[in-house]
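Commentary on secondary and tertiary structure
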Amino acid sequence: AYQAARDADKPILLSVGYAACHWCHVMAHESFEDGGTAAVMNELFVNIKVDREERPDVDSIYQSALGMMGEHGGWPLTIFLTPNGEPYWGGTYFPPTARHGRPGFRDVLTSAANAYTTQKDRLETNIAQLKQGLEKLARPEGGGTLSMPTLDAIATSLLRAVDPINGGTMGAPKFPQPSLFQYLWRAYWRTGSPLFRDAVTLTLDNLCQGGIYDHLGGGFARYSTDADWLAPHFEKMLYDNALLVDLMADAWRVTRSPLYKTRIRETVEWARRELATTSGDHTAFASAYDADSEGEEGKFYVWSEKEIDDSLGDAATRFKETYGISNYGNWDGHNILNRSAQLQLGDESLENILAKG
């Protein structure tokens, strides 16, 4: 592909995605499969598609380059390269036509191609700076040893980013960020400060009872599109869930929370049931679960009130009260199961009834 680009003196359009990425699917359907858009892509660029799960090394390089350009990273990664593979501009998802403050993809294609054709001297300067930055990332300089007071001071500063109502970090979209909260939990271990402990338990309580958790099948979604943990991006990642199980287990050792114990068990059961793959004598785990069902995001996970009534009969009333089910729904006319109204489990009788349902 690089040789074809050099021979034609065309820039390269590199798209990096992966199989369970919802917005990768959307951009593929909207743009890559559209005949008119594909014609523009083929006229102006040599096009390369990379699976980031097969080539995480390639993804890492160009994600780092995108960050140095001042852009947010993520997938799909859409980045424009010289024929030698040097990045000069990029982004993530682009809609087919301009909306929500983002330019249309065909306009992006034209602008990126024109930049390569008419501004090569300027691009060479920018590319040289990017290459220097990437080289520094590849050879990080040591920064000395972090002292315990420094670690505690960093943890204290991080508390300002924690949402005091819903847990997690401020704003939306809202990612669970288990590594950040593991850091705060270790600060609690070191200092005994309830500020660190409460930041973690508030977050875990909201995660475990919110719509980001699959209350029927188990497991946590990738992130919440709102600040209340209600409406997730329904994709489930193995590593997200593994890190959350680790964090919940550490918190359970201190709190003995029945909620954490239950969610740990359910999440592990989900991963073993849904993600385990066996070949001969070997068992491994798939890395992700798709957000899409029958071409729609989240269709598998949402419910109408009628579906609940038809499925549960006389038991439906208590179930609907517990999981926030209404005729109008809480997400695009549908219901995402959640227990955010009560951040702890109910009594043993209620939980047994719900489990049987």
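So, here is what we can say about the structure in this document. (Residues numbered from 1 in each chain as written. Predicted model: local features only at pLDDT ≥ 70, side-chain atom pairs only at ≥ 80, totals over all residues. Heavy atoms only, no water.)

Turning to the overall build of the chain, a few remarks are in order. Along its length, the chain carries 14 helices and 14 strands. Its C-alpha atoms put the chain at 70 × 55 × 50 Å along the principal axes. Residues counted as buried form 44% of the 357 residues belonging to the chain. Expressed as a percentage of contacts within the chain between residues at least 6 apart in sequence, the contacts between residues at least 24 apart total 61%. When the 33 basic and 48 acidic side-chain charges of the chain are each reduced to a single mean position, those positions are 5 Å apart. (Helix = DSSP H or I, 4+ residues; strand = E, 2+ residues; numbered from the N terminus. Buried < 20%, exposed > 50% of the residue type's maximum accessible area, 1.4 Å probe, protein only. Contact = heavy atoms within 4.5 Å. Lys, Arg positive; Asp, Glu negative; His and termini not counted. Charge placed at Lys NZ, Arg CZ, Asp CG, Glu CD.)

Bridging between strand β8 (residues 276-279) and strand β9 (residues 282-285) involves four bridges; their strand directions are antiparallel. Across the sheet, S279 pairs through a bridge with H282, a residue of β9. Connecting β8 to the antiparallel partner β9 that follows it, the hairpin turn spans two residues, and G280 within it adopts a positive phi of roughly 65 degrees. (Pairing = 2+ DSSP bridges.)

One can find T118 in helix α5 (residues 105-118). With relative accessibility at 60%, the residue T118 sits in the exposed group. Put simply, T118 and T145 are 27 residues apart on the chain and 48 Å apart in space, counted from C-alpha to C-alpha. A distance of 2.7 Å separates a polar side-chain atom of T118 from the backbone oxygen of N114. (Polar contact = N/O pair within 3.5 Å; in protein donor to acceptor, adjacent residues only side chain to side chain.)

Counted as a void, the largest pocket has a volume near 890 Å³. Of all the secondary structure elements, the ones that give two or more residues to the lining of the largest pocket are α2 (22-32), β4 (87-91) and β6 (232-233). No other element matches β4, which puts three residues into the lining of the largest pocket. Size it by volume and the second largest pocket reaches roughly 570 Å³. Lining the second largest pocket are 28 residues; nearest its centre among them are H215, E266, Y323, L354 and A355. Per-element accounting of the lining of the second largest pocket gives the leading share, six residues, to helix α11 (residues 258-275). Split by residue class, the lining of the second largest pocket holds 10 nonpolar, eight polar and 10 charged. (1 Å grid on protein atoms, 1.4 Å probe; cavity = no way out; pocket = protein on both sides within 12 Å on 5 of 7 lines; lining within 4 Å. Points joined across faces, edges and corners; volume = space filled by probe spheres on them. Nonpolar A, V, L, I, M, F, W, Y, C, P; charged D, E, K, R; others polar.)

On to the sheet that holds strand β1 (residues 12-17), then. Within the open sheet, the four strands sit side by side as β2-β1-β3-β4. Their pairing is mixed. With one partner strand each, in any of the chains shown, β2 (46-51) and β4 form the two edges of the open sheet. This sheet shows a mean twist of 20 degrees between the axes of neighbouring strands, independent of strand direction. Strand direction decides the pairing type here: strand β3 (residues 77-81) and β4, joined by four bridges, are antiparallel. Across the sheet, T78 pairs through a bridge with G91, a residue of β4. Along the sheet face, helix α4 (residues 56-68) touches β1, β2, β3 and β4 and points at about 80 degrees away from the line of β3. (Axes fitted to C-alpha atoms, helices over the stretch in contact; angles between N-to-C directions.)

Attention now moves to unusual backbone geometry. Following W75, the chain continues to P76 via a peptide bond in cis, the omega torsion being 0 degrees. In this fold, P76 is placed in the loop between α4 and β3. In the segment running from A172 into P173, the intervening peptide bond is cis, with an omega of 0 degrees. Assignment of secondary structure puts P173 in the loop between α7 (148-158) and α8 (178-191). Even without being glycine, Q177 reaches a positive phi, approximately 50 degrees.

A word on α4. Between its terminal C-alpha atoms α4 stretches 18 Å, which fits the 18 Å expected from 13 residues at 1.5 Å a residue. Among the residues of α4, those classed as buried are V58, D59, Y62, Q63, A65 and L66. Angular distribution of buried residues about the axis of α4 spans 160 degrees; they occupy a single face of the element. As for α4, its buried residues are in contact with α1 (2-8), β1, β2, β3, β4 and α6 (120-138). (Expected span 1.5 Å × (residues − 1). Arc of directions from axis to C-beta.)

Attention now goes to the environment of D228. Of note, D228 is situated in the loop between β5 (223-224) and β6. The exposure class assigned to D228 is partly exposed, which follows from its relative accessible area of 43%. Polar contacts involving the side chain of D228 include one to the side chain of N166, which spans 3.1 Å.

The next thing to look at is the nonpolar core. Within the largest apolar cluster, 27 residues are counted, with the highest numbers of intra-cluster contacts made by L184, L204, F220 and M248. Where this core is concerned, the elements lending two or more residues are α8, α9 (194-209), α10 (238-255) and α11. With near-sequence residues (within four places) excluded, L204 lies in contact with L247, M248, A251 and Y260. Membership of the second largest hydrophobic core comes to 19 residues, among which are V26, A112, A113 and I127. (Core = buried A, V, L, I, M, F, W, Y, C linked by side-chain atoms within 4.5 Å.)

Next up on the list: the environment of V108. Structurally, V108 is set in helix α5. Using a relative accessible area of 3% as the deciding quantity, one classes V108 as buried. Sequence separation of V108 and L247 is 139 residues, and the distance between their C-alpha atoms is 42 Å. Among residues more than four places away in sequence, those in contact with V108 are F80, W89, F94 and P103.

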